[in-house]
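Each chain is listed here by its residues.
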Amino acid sequence: MPLVQARLDVLAAALGGELHGDGSRIVEAIAPLERAGPREISFLAQPRLLPQLQRSEAACVVVRPEHLEQARERGAAIVTDDPYLYFARLTQWWAARTRSPAAPGIHASAIVEPGARVHPEASVGAQAYIGAGARLARGAVVSAQAYVGEGAEIGEQTRLAPRVVFERGCRIGARGLVQAGAVIGGDGFGFAPSQGQWVKIEQLGAVAIGDEVEIGANTCIDRGALEDTVIEDGVKLDNLIQIGHNCRIGAHTAMAGCTGVAGSTRIGRHCTAGGSAMILGHLEIADHVHISAATVVSRSIRKPGHYSGFFPIDENAAWEKNAATLRQLHALRERIRALEKKS
Amino acid sequence: MPLVQARLDVLAAALGGELHGDGSRIVEAIAPLERAGPREISFLAQPRLLPQLQRSEAACVVVRPEHLEQARERGAAIVTDDPYLYFARLTQWWAARTRSPAAPGIHASAIVEPGARVHPEASVGAQAYIGAGARLARGAVVSAQAYVGEGAEIGEQTRLAPRVVFERGCRIGARGLVQAGAVIGGDGFGFAPSQGQWVKIEQLGAVAIGDEVEIGANTCIDRGALEDTVIEDGVKLDNLIQIGHNCRIGAHTAMAGCTGVAGSTRIGRHCTAGGSAMILGHLEIADHVHISAATVVSRSIRKPGHYSGFFPIDENAAWEKNAATLRQLHALRERIRALEKKS
Amino acid sequence: MPLVQARLDVLAAALGGELHGDGSRIVEAIAPLERAGPREISFLAQPRLLPQLQRSEAACVVVRPEHLEQARERGAAIVTDDPYLYFARLTQWWAARTRSPAAPGIHASAIVEPGARVHPEASVGAQAYIGAGARLARGAVVSAQAYVGEGAEIGEQTRLAPRVVFERGCRIGARGLVQAGAVIGGDGFGFAPSQGQWVKIEQLGAVAIGDEVEIGANTCIDRGALEDTVIEDGVKLDNLIQIGHNCRIGAHTAMAGCTGVAGSTRIGRHCTAGGSAMILGHLEIADHVHISAATVVSRSIRKPGHYSGFFPIDENAAWEKNAATLRQLHALRERIRALEKKS
């Protein structure tokens, strides 16, 4: 990774915030408060880390106004209302200077089928495949070995990482990112039972993805049966997530890794799901619903709030006893009732 | 997607059923009852949707005999004993007319190693790889960027979607479909412990898959340690499923996404598993066993039936209280006993 | 698969152990005790399988000293202190003789960017991609269609299976194995909330993997936000596992399929996790901690031991009753208390 040397005043000029201290001071990396050295910049996002601030050797710390004094006692500081957001912008500034941007144009080893429309400022990487009639907008990046199916559309500045499969007729908007190995537009899981066997329901819909959507590595979003599976603007999906056919995921909803959403479920806007949550099919989840990790959503949720449901971890011997008793829980309740009647 | 215009009498002639109404009426798509328009065909599979039937603007609705009258009040109808099965056949009819079939032959950019036998009517897509001694039968389709290992066999009319990995020595029968990103024949997870370290057990078996099997996107089926992992005819596996080494999945069993089956478990015929179910290793599951979503199967199941086990979702505060109490459940039972003795 | 014919005395000479019986006897395969035939070798690792020993037709059985006599009653035997470890070595001996080793050199269809350093004894398969400045050590194997990003490093004798994605700047040590479809170095899942939207935190770290590590098919290990995600020596990860950014997995820890580890969690050495376990973020797990399958680790674990937590499976009707009662469990406890006060 190329070495970046940034003057504090240059950073403040680019990202805002109120710089206190020597603006000519140079930093070469971003580091967590406790490990930052004299050539690194750090940030204080959580008050509980305040003790680390005094000890921190960071050249500069990004802090809220109320922490300026403590920050200055030990060096330079940048004051902002939201240090964590400032940190995010810092990482973006750094990434822009340490990564080689994708070269526009089509790599000689890529296959672009007739009728595909690739914008001259789009990039098609080595060994990538672009199907007939597919459309890549300005600044779209299809990385090495990625696959874009017939008639699929990739929006402006959207990047498909290596080895993404983005199938026939699916669409993604602008400024999106699809991580390696994700499969967008595989067949939904639909079969009609007939005499003990399963008859395939061909999936005639596609996947329609909005702007500013990020999709994690090896995550799968199935195409709809008759209409499209829809991922609205600003949705963020982690790795190894399964989104079934005909689902709609509301804008700015975020889901952690290994979560599953079964078919035809509609999830509202600004929701979150912890890792390994499982949301069953044909449900409606309201806006601003937060699901804990490993929780099974087995009914629609109409009310915003925080919902949970997983078995608490315990030492194995204790768990075995409690789990065994749990299988008699309903009977225990009856026994309590009987005792209550008597007493 | 090309426009399809289908006369109702043509559909009925092709798919059967008893057409009532104007056979010259043209439909251009299949749609759900509530959203179908005057140039679309729909179906009524669930009696609970009967109210939607009266309101439906569909040109034609596929119904059971008992719903013919209501269907006719609003337009044409096709009568059949199983409208959902008829719907499945309709989607197949539509897919056959809206998708470009894979061209037979080997794409110039594909690599076919010496000794591979590719049937002249098989199709090998762009940038695909076919290993030495592999065999592709008549009508087999290996899509763009897919990988077929040394000595692997792909049966008649079976299609591997883009970027499938079908490894060395594995076999799949006829009329199968493997979705994008699936990995068939990775090493099973086998190690012998030795002085605090793990010594690799090389996996000398393969994966043997029957006819009419569908395997979902990014699903993994591991090769056996000494013998083959076996997937019998008609099995349907959704996305992101893990099948461990030495498993046998019985014919016509279906599993929803994110399910895991640990090594050496044998699952019967005509079973189903809901999403995120986890079936532990070295178990025997009888035929016609149905496992609910997110249920952990920790013991063999000898009796057909419906089995479940997941923590019910609740508002977080309520869950926290109940989960905390759950850790004392066995003690609570003792206290109930004590009370019973006294009373 | 080529036929292997091995004399028993040759195997014993190569793998050790004390051979009893005719060393000129030839075996052609390894088989489980109950199915082994007269031209196969087997082993007895679990005393509970002792009854199978007498009946076994295996040409030779690998046994512990105490089982020599019974083994000899029915044929040849090899005595060793750890038959299961001996079995592992047998599979390695067999694999070495039945698999074609990767040819050193770079396949004509592979893309190797300028500045990549590929050792002359390394192997780059068909349609593989090696980024600028990447380094492949002696004996490293990058299989067909695999991707190695800019500046990534693959250690001696480490093999990437077909279609692995090993991204920019990530490193793996010697004698490792990454199964097909795994994604090493995708972006960690990090966003700063801002006015109801998510602002990307660019992930500036990478993934650093030690020696003798095995990573399963379609498993994902995310790159760190500021520092590296670390997988220590000897770790074994099964398929479809998610390792979040900034995690550290201690040496010789093994995890079964579909397990998730959220970001910034540190797991100790010599731990195990059963399939579908979910370990939440920012936790510390001590050495020698064993987590049962499908268990949610929601707090740090400081003490070695065996921990569990999943809902016991039951017939659906019984589960429904118990699950419903579980939602009143805390109230039930209060009622027991009330009864205790009275009595």
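Here is what the cut-offs are and how they apply
- Residues numbered from 1 in each chain as written.
- Chains lettered and ligands numbered in written order.
- Predicted model: local features only at pLDDT ≥ 70, side-chain atom pairs only at ≥ 80, totals over all residues.
- Heavy atoms only, no water.
- Helix = DSSP H or I, 4+ residues; strand = E, 2+ residues; numbered from the N terminus.
- Rg over C-alpha atoms; globule rule 2.2 N^0.38 Å.
- Buried < 20%, exposed > 50% of the residue type's maximum accessible area, 1.4 Å probe, protein only.
- Contact = heavy atoms within 4.5 Å.
- Domains from an automatic or database assignment.
- Pairing = 2+ DSSP bridges.
- Least-squares fit on C-alpha atoms with pLDDT ≥ 70 in both.
- Expected span 1.5 Å × (residues − 1).
- Axes fitted to C-alpha atoms, helices over the stretch in contact; angles between N-to-C directions.
- Buried area = accessible area lost by both parts, 1.4 Å probe.
- Salt bridge = Lys/Arg side-chain N within 4 Å of Asp/Glu carboxyl O.
- Polar contact = N/O pair within 3.5 Å; in protein donor to acceptor, adjacent residues only side chain to side chain.
- Parallel < 35°, antiparallel > 145°, perpendicular 65-115°, else oblique.
- Nonpolar A, V, L, I, M, F, W, Y, C, P; charged D, E, K, R; others polar.
- Phe/Tyr/Trp six-rings, centres within 6.5 Å; stacked < 30°, edge-to-face > 60°.

Chemist: So what's going on with the overall build of chain A? Which residues, and what values?
Modeler: When helices and strands are counted, chain A shows six helices and 40 strands. Relative to a compact globule of 343 residues, whose C-alpha radius of gyration would be 20 Å, chain A shows 26 Å and is clearly more extended. Along the first, second and third principal axes, the C-alpha set of chain A runs to 75 × 75 × 35 Å. Within chain A, the proportion of its 343 residues that are buried is 61%. Looking at chain A alone, contacts between residues at least 24 apart form 18% of all its contacts between residues at least 6 apart.

Chemist: Help me get a handle on the domain arrangement of chain A, residues and values and all.
Modeler: Structurally, chain A comprises domain 1 (6-98), domain 2 (105-307) and domain 3 (315-343). Taking the mean C-alpha position of each, domain 2 of chain A and domain 3 of chain A sit 45 Å from one another.

Chemist: Describe the sheet that holds strand β20 (residues 177-178) of chain B, and please don't skip the residues or the numbers.
Modeler: What the twelve strands build is an open sheet, ordered β8(B)-β11(B)-β14(B)-β17(B)-β20(B)-β25(B)-β28(B)-β31(B)-β34(B)-β37(B)-β39(B)-β40(C); its pairing is mixed. Single-partner strands in this sheet number two, and they are β8 (105-106) of chain B together with β40 (314-315) of chain C. When strand β17 (residues 159-160) of chain B meets β20 of chain B, the two strands line up parallel, connected through two bridges. Bridged to Arg-159 of chain B within β20 of chain B is Leu-177 of chain B.

Chemist: An account of the pairing of strand β23 (residues 197-200) of chain B is requested, with residue identities and associated values reported.
Modeler: All names here are of chain B. As defined by bridge partners, strand β22 (residues 191-194) adjoins β23 across four bridges and the pair is classed as antiparallel. In the strand pairing of β23, Ser-194 is matched with Gln-197. Counted along the chain from β22 to the antiparallel partner β23, the turn is two residues long, and its residue Gln-195 has a positive phi close to 50°.

Chemist: Give a description of the relation of the copies chain B and chain C that names residues and reports values.
Modeler: Superposing chain B onto chain C requires a rotation of 120° together with a translation of 0.0 Å along the rotation axis, leaving an RMSD of 0.0 Å. Such a combination of rotation and displacement between the chain copies is what one expects of a three-fold axis. No C-alpha of chain B approaches the rotation axis more nearly than that of Phe-311 of chain B, which lies at 3.5 Å.

Chemist: Help me get a handle on helix α6 (residues 329-342) of chain B, residues and values and all.
Modeler: In this model α6 of chain B runs 20 Å from its N-terminal to its C-terminal C-alpha over 14 residues, within 8% of the 20 Å that 1.5 Å per residue would give. Those residues of α6 of chain B not exposed but buried are Leu-329, His-330, Leu-332, Arg-333, Ile-336 and Leu-339 of chain B. If you follow the buried residues of α6 of chain B, they end up packed against α5 (316-326) and α6 (329-342) of chain A, α5 (316-326) of chain B together with α6 (329-342) of chain C.

Chemist: Got a sec to walk through the sheet that holds strand β2 (residues 18-20) of chain A? Specific residues and values, please.
Modeler: Adjacent strands of a sheet form backbone hydrogen bonds with each other and so pair up, either parallel or antiparallel. Residues and elements named next belong to chain A. Taken together, five strands build an open sheet; the order of strands is β2-β7-β6-β5-β4 and the sheet is mixed. This sheet does not close on itself; its edge strands, each paired only once, are β2 and β4 (29-30). Sheet topology places β2 next to strand β7 (residues 76-79); three bridges connect them, and they run antiparallel. Bridge pairing in β7 links Leu-19 to Ile-78. Sitting on the sheet, helix α1 (residues 8-15) touches β2, β5 (40-43), β6 (60-63) and β7, and the angle it makes with β2 is about 165°.

Chemist: Lay out the interface of chain B and chain C in plain terms, naming residues and giving numbers.
Modeler: At the interface, 77 residues of chain B touch 70 residues of chain C. Summed over both sides, the interface of chain B with chain C buries roughly 6,000 Å², with 61% coming from carbon and sulfur. One can count six salt bridges joining chain B with chain C. The salt bridge partner of Arg-99 of chain C is Glu-202 of chain B, with a shortest N-O separation of 2.9 Å. For the pair chain B and chain C, the interface holds 32 residue pairs in polar contact (both at pLDDT 80 or more). Elements supplying a minimum of two residues to the side of chain B that touches chain C: β21 (183-186), β22, β23, β26 (220-222), β38 (296-297), β39 (305-308), α5 and α6 of chain B. Where β39 of chain B and β40 of chain C come together, two bridges link them in antiparallel fashion.

Chemist: Which residues make up the packing of α6 of chain A against helix α5 (residues 316-326) of chain C, and what values do they have?
Modeler: Interaxial distance between α6 of chain A and α5 of chain C falls to 7 Å at its minimum, and their mutual angle equals 60°. In terms of axis orientation, α6 of chain A runs oblique to α5 of chain C. Contacts between α6 of chain A and α5 of chain C involve Leu-329, His-330 and Arg-333 of chain A from the former and Lys-321, Asn-322, Thr-325 and Leu-326 of chain C from the latter. Here the contact of α6 of chain A with α5 of chain C is composed, by residue class, of two nonpolar, three polar and two charged.

Chemist: Give me the lowdown on unusual backbone geometry, citing residues and values where you can.
Modeler: Residue and element names in this part refer to chain B. Unlike most non-glycine residues, Leu-240 shows phi in positive territory, near 55°. Note that Leu-240 resides in the loop between β28 (236-237) and β29 (242-243). Judged by relative accessible area, which is 4%, Leu-240 ranks as buried. Its identity is not glycine, yet Asn-246 carries a phi of approximately 75°, on the positive side.

Chemist: An account of the pattern of salt bridges is requested, with residue identities and associated values reported.
Modeler: Per the stated rule, a full pass over the model turns up 51 salt bridges over all chains. Its salt-bridge partner being Asp-187 of chain A, residue Lys-200 of chain A comes within 2.8 Å of it at the nearest N-O pair. Taken together, the residues span a long stretch of sequence, with Lys-200 of chain A in strand β23 (residues 197-200) and Asp-187 of chain A in the loop between β21 (183-186) and β22 (191-194) at a distance of 13 residues. Pair check on accessibility: Lys-200 of chain A and Asp-187 of chain A agree, each one buried. Linked through salt bridges whose partners overlap, the residues forming this network are Glu-34 and Arg-35 of chain A together with Glu-227 of chain C.

Chemist: I'd like a description of the packing of aromatic side chains, backed by residues and values.
Modeler: All names here are of chain B. Scanning all chains against the criterion turns up 24 aromatic pairs over all chains. Geometrically, the ring pair formed by Tyr-84 and Phe-87 is tilted, given 5.8 Å between the ring centres and 40° between the ring planes. Of the two residues, Tyr-84 and Phe-87 both sit in helix α4 (residues 83-98), three residues apart, roughly one turn of that helix. For Tyr-84, a relative accessible area of 30% corresponds to the partly exposed category.

Chemist: Which residues make up the interface of chain A and chain B, and what are the values?
Modeler: The interface of chain A with chain B comprises 77 residues on the first partner and 70 residues on the second. Each partner contributes to the roughly 6,000 Å² buried at the junction of chain A and chain B, and carbon and sulfur atoms together form 61% of this total. At the junction of chain A with chain B, the criterion picks out six salt bridges. On inspection of chain A and its partner chain B, the count reaches 32 residue pairs in polar contact (both at pLDDT 80 or more). Of the residues that constitute the side of chain A that touches chain B, the class distribution is 38 nonpolar, 22 polar and 17 charged.

Chemist: With reference to specific residues and values, describe the packing of helix α1 (residues 8-15) of chain B against α4 of chain B.
Modeler: Residue and element names in this part refer to chain B. With their axes 11 Å apart at the nearest point, α1 and α4 run at an angle of 110° to one another. Overall, the two elements α1 and α4 adopt an arrangement that is roughly perpendicular. Taking contact as the criterion, the partners of Val-10, Leu-11, Ala-12, Ala-14 and Leu-15 in α1 are, on α4, Tyr-86, Arg-89, Leu-90, Trp-93 and Trp-94. Its residues assigned to classes, the contact of α1 with α4 comprises nine nonpolar, no polar and one charged.

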